[in-house]
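# Analysis of the macromolecular model
This is what each chain is made of:
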Amino acid sequence: MTEQQHPNPQHPNPQQTRHPELREADPEIAALVAAEEQLQADTLRLIPSENYVSAAVLEATGTVLQNKYSEGYPGKRYYEGQQNIDQVETLAVERARALFGVDHANVQPYSGSPANLAVYLAFLKPGDTVLGMALPMGGHLTHGWGVSATGSWFNGVRYGVRADTGRTDLDQVRELALKERPKLIFCGGTAVPRTIDFAAFAEIAREVDAVLVADIAHIAGLVAGGAHPSPVGHADVISTTTHKTLRGPRGALLMSTAQHARALDRAVFPGLQGGPHNHTTAAVAVALKEASGPEFRAYAHQVVDNARELGEQLAARGFDLVSGGTDNHLLLIDLTGKDVPGKVAAKALDRAGIVVNHNTVPYDTRTPFDPSGIRIGTPSLTSRGIPRSAMAAVAAWIDRAVLAARSGDEDALAAVRAEVKELMDAHPAPGLPLG
Ligand code: DSN
């Protein structure tokens, strides 16, 4: 951090002023926090489920609200002293309802997996059938996959994507629904690069009298910002985390029609959870306020524009994109044709300052621990204000790093890292004092 970057004595070097109590009480943890800040400042973070929260969201997570127990819901608590907490939670609920246009919102789930488990508790008995996208096809563990509680306690039936298009196989969804008569159908996932056809899923769910759950964890910010169609009016329940494209703290929301409000609330508390994390609720409220403004709409559209452009630039360099491209924030890349396994590529990219995750691709012939693909996305880089015009450079860096992964050229990775850092320095990240 140079004097030049902080010329104003009113704003001294944040490394010297940030977290003074923490540095005093626990220098080891303080040093690791500082190192993580530096890492997040210096690297091109392309994991599509990650983002940078604003300084305001970050501050809200570090408030005294974390000292308070509040089991129950506003106006119906099991502990006294809720004068402020009730207002915080009510604000969060009202903002979620307004932003997504839903009848009901529960802001208490600790994260996406507990939120989805609460949905099972609300509607299913152990052994009942749930239909969800298979994990290796882009689904989520909690959509009935075997190693998850949802796949061991319930009868998980899975659909996939079409081999020829890489897109959700809605014919298979309907066939399986008619044959297996699931009580719950999940749409959405963790590696779905295309628009989810909520209306088509709703029609199938109605046909078999199933509850349709739209898991919009990845795309919630795009839905809120009008850059992806909304599941409202189609899905009975909407589940989402708050920390991905929505750019809030780590947490989750369950939303629904008025009809299912009571069942969901009872499932979250007392069914599954104890006291809500009030500091997180406050930060969720702040993020929802931020997401309701015009700047966030522009952000959501820019995320998609950047992803589309990055996809085109990568395809032009011979990368095989599952489904041929993207409609949203993420790209799933099959590296088979590049002759580099996903994990080898991801680790090389990390050394080049580009952070991605290895990922299975549909019909992968390799294992989930050593799959054929990588998954990348544009939410974080867009939060730094990195424009569409920079996507050619990003694609070229990925290309060079993947080639270097194959040849073991560490100098090439170091050269990419230096170029990446220049772009990062030119686009400070929100919430990071080091930017
Ligand atoms: N871990 C999240 C993701 O990366 O997509 C899903 O839970």
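The sections below set out a description of the structure shown in this document.

About the cut-offs
Residues numbered from 1 in each chain as written. Predicted model: local features only at pLDDT ≥ 70, side-chain atom pairs only at ≥ 80, totals over all residues. Heavy atoms only, no water. Pairing = 2+ DSSP bridges. Helix = DSSP H or I, 4+ residues; strand = E, 2+ residues; numbered from the N terminus. Axes fitted to C-alpha atoms, helices over the stretch in contact; angles between N-to-C directions. Contact = heavy atoms within 4.5 Å. Near = heavy atom within 4 Å. Polar contact = N/O pair within 3.5 Å; in protein donor to acceptor, adjacent residues only side chain to side chain. Areas by Shrake-Rupley, 256 points an atom, 1.4 Å probe, with all protein chains shown as cover. Nonpolar A, V, L, I, M, F, W, Y, C, P; charged D, E, K, R; others polar. Buried < 20%, exposed > 50% of the residue type's maximum accessible area, 1.4 Å probe, protein only. Salt bridge = Lys/Arg side-chain N within 4 Å of Asp/Glu carboxyl O. Core = buried A, V, L, I, M, F, W, Y, C linked by side-chain atoms within 4.5 Å.

Adjacent strands of a sheet pair through backbone hydrogen bonds, lying either parallel or antiparallel. If you walk across this open sheet you meet the 7 strands as β4-β10-β9-β8-β7-β5-β6, and the pairing is mixed. Unpaired on one side and paired on the other, β4 (104-106) and β6 (155-159) mark the two borders of the sheet. Pairwise comparison of adjacent strand axes, ignoring direction, gives a mean angle of 20° for this sheet. Relative to strand β7 (residues 184-187), helix α9 (residues 198-207) is tilted by about 170°, and along the sheet it contacts β6, β7 and β8 (211-215).

Attention now moves to the sheet that holds strand β14 (residues 357-359). Read from one edge to the other, the open sheet built from 4 strands follows the order β11-β12-β15-β14, with strand pairing classed as antiparallel. In the strand order of this sheet, the two ends are held by β11 (320-321) and β14, each with one partner. Relative to strand β12 (residues 330-334), β11 runs antiparallel, the two being bridged by 2 bridges. The partner of Leu 321 across the bridge, within β12, is Ile 333. Its contacts with the sheet put helix α13 (residues 294-316) on β11, β12 and β15 (373-377), and the angle it makes with β12 is roughly 20°.

Lining the immediate surroundings of the ligand are Ser 49, His 140, Thr 190, His 218, Lys 244 and Arg 375. Here His 218 contributes a side-chain N or O atom positioned 2.7 Å from an oxygen atom of the ligand. Look at the ligand: alone it shows 240 Å² of surface, and the protein chains cover 63% of it. Partitioning the shell around the ligand into residue classes produces no nonpolar, 4 polar and 2 charged.

Turning our attention to the side chain of Thr 378. Structurally, Thr 378 can be placed in the loop between β15 and α15 (379-383). You can call Thr 378 buried: its relative accessible area is 0%. From its side chain, Thr 378 meets the backbone oxygen of Val 303 in a polar contact 2.7 Å long. When sequence neighbours within four positions are dropped, the list of residues in contact with Thr 378 reads Val 303, Asn 306, Ala 307, Leu 310 and His 329.

Here we come to the pattern of salt bridges. Taken as a whole and judged by the stated rule, the model has 17 salt bridges. Ionic pairing is found between Asp 128 and Lys 183, a salt bridge with its closest N-O pair at 3.0 Å. Of this pair, Asp 128 sits in the loop between α6 (112-123) and β5 (129-133) while Lys 183 sits in the loop between α8 (170-180) and β7, and the two are 55 residues apart along the sequence. Residue Lys 183 is classed as partly exposed on the basis of its relative accessible area of 40%.

Let's shift gears to the nonpolar core. With 52 residues, the main nonpolar core has Phe 100, Ile 185 and Ile 216 as its most contacted residues. Discounting residues that sit within four places of it in the chain, Ile 185 has contacts with Leu 131, Ala 177, Phe 201, Ile 204, Ala 205, Val 208, Ala 210, Val 211, Leu 212 and Val 213.

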